[in-house]
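Okay, here's what each chain looks like letter by letter:
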Amino acid sequence: MESKGLILVVDDDPDIVATSRIILEGNGYEVHTASNGKEALSLLSRVKPDLMLLDVMMASDTEGFDLAFKLKEDPEFKDLPIIMLTAFLEKVRTEGAGPFEYILGEQWPVEWLFEKPLDTKKLLARIEAIFKAKKIVPSG
Amino acid sequence: MAAVVQSPDLRAAWGELHEFSWRPVRIRWWAALGFLAAVLGMRAAGAVFPAWPFVLAVLFLLAGNIVIYRTFARRKDLRPRSARELHQLVSWQAAVDGIALWAVTYWSGGVISPLAAGFLLPVLFVSLLLPARTAYAYCGIVLSALGLTALAELWGWLPHQSVYFNGAELVPAAHPLRTLTFLGVLGTVALGTAALAGSATCTFRRQVQDLDRLRETEAVFSRRLQSIFSILETIGSVRDLHRVLETAVAEVAGVMQVKGASVKLLSDDCKFLRYEAAFGLPDTMIQEKVVEVERSPLNKRIIEGEPFVTGQVTAREMFQFGETLSAARIQSVLFVPLNLQGRVIGILGAYCEKPDRFGVEEVNFFRLAAGLVAVALENARAYEAVTTMSHERTWFMMKVAHNLRAPLAGMLSILEVVRDGYLGPVNDDQNEYLRRLDRRARTMLALVNELMALSRNRQRREAEVAATEPAMLARRVQRTFQDKAAEKRITFQVNLPPDLPEVRGRLETVEQLLENLVSNAIKYTPAEGSVEVRFARANGTVRIEVSDTGIGIPAADRPKLFTEFFRAENAKAMDEIGTGLGLAIVKEIVDQLGGRIFMESEEGVGTIFVAHLPIAAAPTG
């Protein structure tokens, strides 16, 4: 089957990585995975994903955001769409950048933020929408 | 007397005496005019005498009075300010009166004229207000002047002046012996008056002095009391350690009327003393912030519990910072240990530019103040510890929340993959049990979320100063729930009149309150029903009404509605995830914001929750 696009899933929870892979592959995407920011960076030097699913809290509380900011400053990856996932939306809401809607403002390096557990339908719809907007041509 | 007059707290009694020194100036205008009228009256009655010397004397008196008035009445307050001024004011008046009296006495027949008795008035005046010596000197001058006049008349150097009435001389030229007798009597009476009035005034002055001292003591006492009260107040209201100490040292310096005060605190290992707060001291001194106790015998002694006082900082024991102190021109210092429950935690110091400033009384008061400062300190430290603990607790709860939610999220993801058939077909029975598993996991997730919310609200009890715009609230609640309501085919409406004032509380807090109410309403309203949120202004509050056409709440369950983990019987019977925490959180938030909440419900018909939230205080400049 022709891949609809290449997605990089970065999460330190192996269950989330595994299920995301199943769901995404089941919906026609090609998936690469990494379990932390460092691994993700080294993977990025080899593969060019069309989108990244990124967990916020990994080894450190903000590892995901750190990686996202780093990529936005990198000319090669600044246009890589990122969807952030967190089991800890409360923290982002109360301590990070205030209410949810502001999180998606310009200053945030992500396209969208989803709370875990994921609503698969919404996630897939969001990915479709981003790909459509970016006119990502299916690779392979 | 000078000491009393110069004492800073000169009081009313003494002030009145001073005011008295001004009174003759006012009387003199009328006395002069009265005398003039008497002279004219005498002339009209047929008395024969040269009128011009009397008129001149009166004019002199008036002129003198004008000069005195203009010299001394430059301020609004007519009282003399100093002993010197009082002396001058009284002396000038006595001199003017004396000269005028001498003139009218001489022109009305010489020293034995009845008008000579007038001299008793200035004598009395002088002896009441000026020291005894001055009064006697004044008597001497008056008597000498009269004696010389009598001699001059006797030897023919001055002509005898007479007043005639009906041809008879009113005061005939007297025999020298008679003149002498008269002067003797006048002198005795004058000196007697001076002595009596002088001693009475002297007693009075002493009493005023005593009273003054008493008042000064009382003022000092009251100032100290006030300062103690102020320190106590600070203990109660200020929680920041540094500010408590800053306030305390400023208070202490103020009440003791000294240049500066400082607090040094002992490190936990008792090896170092650090300047924590200072008032009125040069920066260079504070910047040498740390003192090693072992290398400072002076500080060591104080820490061992002994207060230290010196009136000469150049003394040997002050070698440690004598130089800095003399550079700041400080001469007296006083250090007492800060004791807390028998343990020394630091040193309180006072610094003064005057030498030998601190006596036993000051040391005693200072120890008392040190006790209060120590309590304030402990209080602030305790508060700091509580705050830190509360932050740590929040952080801990956050961590717990994340660690509880992460595995649940993983579990739900796996369940979804299986149920959605990604791993192969699932039969109906399997699917049913997986659905049950999914529901239990989601209940647990909701519980974790709401427990976290509850604990967070309890921590946030402190001042909710923020304000929330109802319009923003309405917009957000509409957006949050419109999809969910549509999914269940429930009509969902948010009704907001224009121009509602802001309500008290942070947006997230108030939003959580409303979200819980609306989420319940949608949850327990069957398909095709309706849920409505109405905002309105009511009596200093904003009224938020959430009504539904749901299953209602049984009457028996209503009293327990707002308790944690409680779920109404009919709610439990429904296949909906609920934790029994939603309304407990609502109640918690309403109480915290100072609002009220009511409900009305009929089983099978619907439920209305009405929350009244206080309007946010208008921002003050």
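Residue numbers restart at each chain and count upward from 1, following the sequence in its written direction. All chains are assigned letters beginning at A, and all ligands numbers beginning at 1, according to the order in which they are written. Local features in this predicted model are restricted to residues whose pLDDT is 70 or higher, and side-chain atom pairs enter the listing and the counts only when it is 80 or higher, whereas totals over whole chains, interfaces and linings include all residues. Side-chain measures were taken over the full set of non-hydrogen atoms in the model, leaving aside hydrogen atoms and water.

Draft legend 1. Looking closely at the overall build of chain A. A run of DSSP states H or I qualifies as a helix once it reaches four residues; a run of E qualifies as a strand once it reaches two. Both are numbered from the N-terminal end. Scanning chain A for helices and strands turns up six helices and five strands. Put simply, chain A runs from its N terminus to its C terminus through helices and strands in the order β-α-β-α-β-α-β-α-α-β-α. Throughout this description, buried means an accessible area under 20% of the type-specific maximum (1.4 Å probe, protein chains only), exposed means over 50%, and partly exposed covers the range between. Residue burial in chain A is summarised as follows: out of 140 residues, 51% are buried. By sequence separation, contacts in chain A at least 24 residues apart represent 68% of the contacts at least 6 residues apart. Computed by Shrake-Rupley with a 1.4 Å probe, the accessible areas treat only the displayed protein chains as cover when residues are assessed. Total accessible area on chain A stands at roughly 6,700 Å², and carbon and sulfur atoms take up 53% of it. We call two residues in contact whenever any of their non-hydrogen atoms come within 4.5 Å of each other.

Draft legend 2. Looking closely at the overall build of chain B. For chain B, the helix and strand inventory stands at 18 helices and 15 strands. Burial statistics for chain B: of 621 residues in total, 45% are counted as buried. Across chain B, contacts joining residues at least 24 apart in sequence account for 67% of those joining residues at least 6 apart.

Draft legend 3. The packing of helix α5 (residues 83-107) of chain B against helix α6 (residues 120-129) of chain B, seen in detail. Residues and elements named next belong to chain B. Contact geometry for α5 and α6: axes closest at 10 Å, N-to-C directions at 170°. Taken together, the axis directions place α5 and α6 in an arrangement best described as roughly antiparallel. Judged by residue contacts, Leu86, Val90, Gln93, Ala94, Asp97 and Leu101 of α5 engage Pro122, Phe125, Val126 and Leu129 from α6. For the contact of α5 with α6, the class distribution of residues is eight nonpolar, one polar and one charged. Here an angle of 0 to 180 degrees is reported between the N-to-C directions of two axes, which are lines fitted to C-alpha atoms, with helices fitted over the stretch in contact. In these notes the angle categories are as follows: under 35 degrees is roughly parallel, over 145 is roughly antiparallel, 65 to 115 is roughly perpendicular, and the rest is oblique. Basically, the charged four are Asp, Glu, Lys and Arg, the nonpolar ten are Ala, Val, Leu, Ile, Met, Phe, Trp, Tyr, Cys and Pro, and anything else, Gly included, counts as polar.

Draft legend 4. Representation of the pattern of salt bridges. All names here are of chain B. Every case where a carboxyl oxygen of Asp or Glu lies within 4 Å of a side-chain nitrogen of Lys or Arg is listed as a salt bridge. All told, the structure shown has 21 salt bridges over all chains when counted by the stated rule. As a salt-bridge pair, Glu432 and Arg436 come within 3.0 Å of each other at their nearest N and O atoms. Placement of both Glu432 and Arg436 in helix α14 (residues 428-459) is noted, with a separation of four residues, approximately one turn of the helix. Look at Glu432 and you get partly exposed, because its relative accessible area is 28%. For Arg489, the salt bridge is made with Glu528, and the minimal N-O distance between the two is 2.8 Å. Of this pair, Arg489 sits in the loop between α15 (470-487) and β10 (491-495) while Glu528 is found in the loop between α16 (507-523) and β12 (530-538), placing the two residues 39 residues apart along the sequence. Since its relative accessible area comes to 57%, Glu528 is described here as exposed. A network of salt bridges, in which partner residues are shared, links Glu532, Arg534, Arg543 and Glu545.

Draft legend 5. Seen up close, the sheet that holds strand β6 (residues 308-310) of chain B. Residues and elements named next belong to chain B. At least two DSSP bridges between two strands are required for those strands to pair. Spatial strand order, β5-β4-β3-β8-β7-β6: six strands in an open sheet with antiparallel pairing. Only two strands of the sheet have a single neighbouring strand rather than two, namely β5 (290-292) and β6. Shown here is a sheet whose adjacent strand axes are inclined to one another by a mean of 25°, direction ignored. Inspection of the sheet shows strand β3 (residues 260-266) paired to strand β4 (residues 272-279) by six bridges, in the antiparallel sense. The residue bridging Lys264 from the neighbouring strand is Tyr275, located in β4. Most of the contacts of helix α9 (residues 241-256) go to β4, to which it runs at about 65°, and overall it touches β3, β4 and β7 (332-340). Its contacts with the sheet put helix α13 (residues 360-419) on β3, β6, β7 and β8 (343-352), and the angle it makes with β7 is roughly 45°.

Draft legend 6. Structural view of unusual backbone geometry. Even without being glycine, B:Arg489 reaches a positive phi, approximately 55°. Using a relative accessible area of 51% as the deciding quantity, one classes B:Arg489 as exposed.

Draft legend 7. Representation of the side chain of B:Asn516 in the model. Among the structural elements, B:Asn516 can be located in helix α16. For B:Asn516, the contacting residues outside a window of four places in its chain are B:Gly582, B:Ile585 and B:Val586.

Draft legend 8. Representation of the environment of A:Asp66. Inspection of the secondary structure puts A:Asp66 in helix α3 (residues 63-73). For the pair A:Asp66 and A:Gly37, spaced 29 residues apart in sequence, the C-alpha separation works out to 8.5 Å.

Draft legend 9. Structural detail: the sheet that holds strand β5 (residues 112-115) of chain A. Residues and elements named next belong to chain A. Strands sit in the order β2-β1-β3-β4-β5 across an open sheet of five strands; the sheet is parallel. A strand with exactly one partner marks an edge of an open sheet, and here the two such strands are β2 (30-34) and β5. Taking the axes of each pair of neighbouring strands and ignoring which way they run, one obtains an average angle of 20° across the sheet. Pairing geometry for strand β3 (residues 51-55) and strand β4 (residues 82-86), over four bridges, is parallel. Each residue of the ladder has a partner; that of Asp55, found in β4, is Leu85.

Draft legend 10. Spatial organisation of a nonpolar patch on the surface. Side chains of B:Leu148, B:Leu151, B:Leu154, B:Trp155 and B:Trp157 sit close together on the surface and give an oily, nonpolar patch of about 620 Å² of accessible area. Among the structural elements, B:Trp155 can be located in the loop between α7 (132-154) and β1 (164-165). Two distance rules govern patches: like charges are joined within 9 Å, and nonpolar side chains (Val, Leu, Ile, Met, Phe, Trp, Tyr) within 5 Å, applied only to residues with over 30% relative accessible area and no salt bridge.

Draft legend 11. Structural view of the packing of aromatic side chains. Residues and elements named next belong to chain B. In summary, the pairing rule links any two rings of Phe, Tyr or Trp, Trp by its six-membered ring, whose centres are within 6.5 Å, and it sorts them by plane angle into stacked for under 30 degrees, edge-to-face for over 60 and tilted for everything else. For the structure on display, the rule yields 13 aromatic pairs over all chains. Ring plane angle 40° and centroid distance 6.3 Å describe the contact between Phe35 and Phe54, whose orientation is recorded as tilted. Of the two residues, Phe35 sits in helix α3 (residues 23-44) while Phe54 sits in helix α4 (residues 52-72), which places them 19 residues apart along the sequence. Through a chain of ring-to-ring contacts, the aromatic side chains of Trp52, Trp102, Tyr106 and Trp107 assemble into a single cluster. Positioned above the aromatic ring of Phe49, the side-chain terminus of Arg43 is 5.6 Å from the ring centre. Stacked on the ring of Phe335, the Lys or Arg Lys264 has its end atom at 4.6 Å from the ring centre. Comment: the charge-over-ring label is applied if NZ (Lys) or CZ (Arg) is within 6 Å of the ring centre and within 35 degrees of the ring normal.

Draft legend 12. Here's a closer look at the side chain of A:Glu63. All names here are of chain A. Take Glu63: it is sitting in helix α3. Counting rule applied: Lys, Arg positive; Asp, Glu negative; His and chain ends not counted. Put simply, Glu63 is tucked away with no salt bridge, and the nearest opposite charge, on Lys70, sits 9.3 Å away. A distance of 2.8 Å separates a polar atom in the side chain of Glu63 from the backbone nitrogen of Gly37. Filtering out sequence-adjacent residues up to four positions away, Glu63 remains in contact with Asn36, Gly37, Val56 and Met58. Polar contact is the term for a pair of N or O atoms within 3.5 Å; when the atoms are in protein, one must be able to donate a hydrogen and the other to accept it, and sequence-neighboring residues count only if both atoms are side-chain atoms.

Draft legend 13. Geometry of helix α18 (residues 582-593) of chain B. Residue and element names in this part refer to chain B. By definition here, a helix of n residues has an expected span of 1.5 Å times n minus one. Here α18 is 12 residues long and its end C-alpha atoms lie 17 Å apart, about the 16 Å a rise of 1.5 Å per residue gives. Where burial is concerned, most of α18 is hidden: 10 out of the 12 residues are buried. Among all positions in α18, only Gly582, Leu583, Ala584, Ile585, Val586, Glu588, Ile589, Val590, Gln592 and Leu593 are buried. Following α18 by one or two positions, Gly594 has its phi on the positive side, about 80°.

Draft legend 14. Quick peek at the nonpolar core. All names here are of chain B. Buried Ala, Val, Leu, Ile, Met, Phe, Trp, Tyr and Cys residues form a nonpolar core when they are joined through side-chain atoms within 4.5 Å. Leu514, Val518, Val533 and Phe535 are the most contacted members of the largest nonpolar core, which totals 46 residues. It is α16 that contributes the most residues to this core, eight residues altogether. Those residues in contact with Val533 that sit more than four places away from it in its chain are Phe492, Gln493, Val494, Asn495, Leu514, Val518, Ile544, Glu545 and Val546.

Draft legend 15. Just the packing of helix α2 (residues 37-44) of chain A against α3(A), in detail. Residues and elements named next belong to chain A. Relative to each other, α2 and α3 sit at 30°, their axes nearing to 10 Å. Comparing the axis directions of α2 and α3 gives the class roughly parallel. Judged by the sense of rotation from one axis to the other, the crossing of α2 with α3 is right-handed. Taken together, the residues of α3 that come into contact with α2 (itself represented by Gly37, Ala40, Leu41 and Leu44) are Glu63, Leu67, Lys70 and Leu71. Considering only residue class, the contact of α2 with α3 consists of five nonpolar, one polar and two charged. The hand of a helix crossing depends on one turn: near helix anticlockwise from the far one by less than a right angle means left-handed, and clockwise means right-handed.

Draft legend 16. Expanded view of the confidence of the model for chain A. Each residue carries a pLDDT value, the predictor's own confidence for that position, ranging from 0 to 100. Per-chain confidence: chain A averages 79 in pLDDT, with 79% of residues scoring 70 or above. Confidence drops under a pLDDT of 50 for residues 91-106 of chain A, and excluding neighbours within four residues, the segment shows 38 contacts in the predicted structure.

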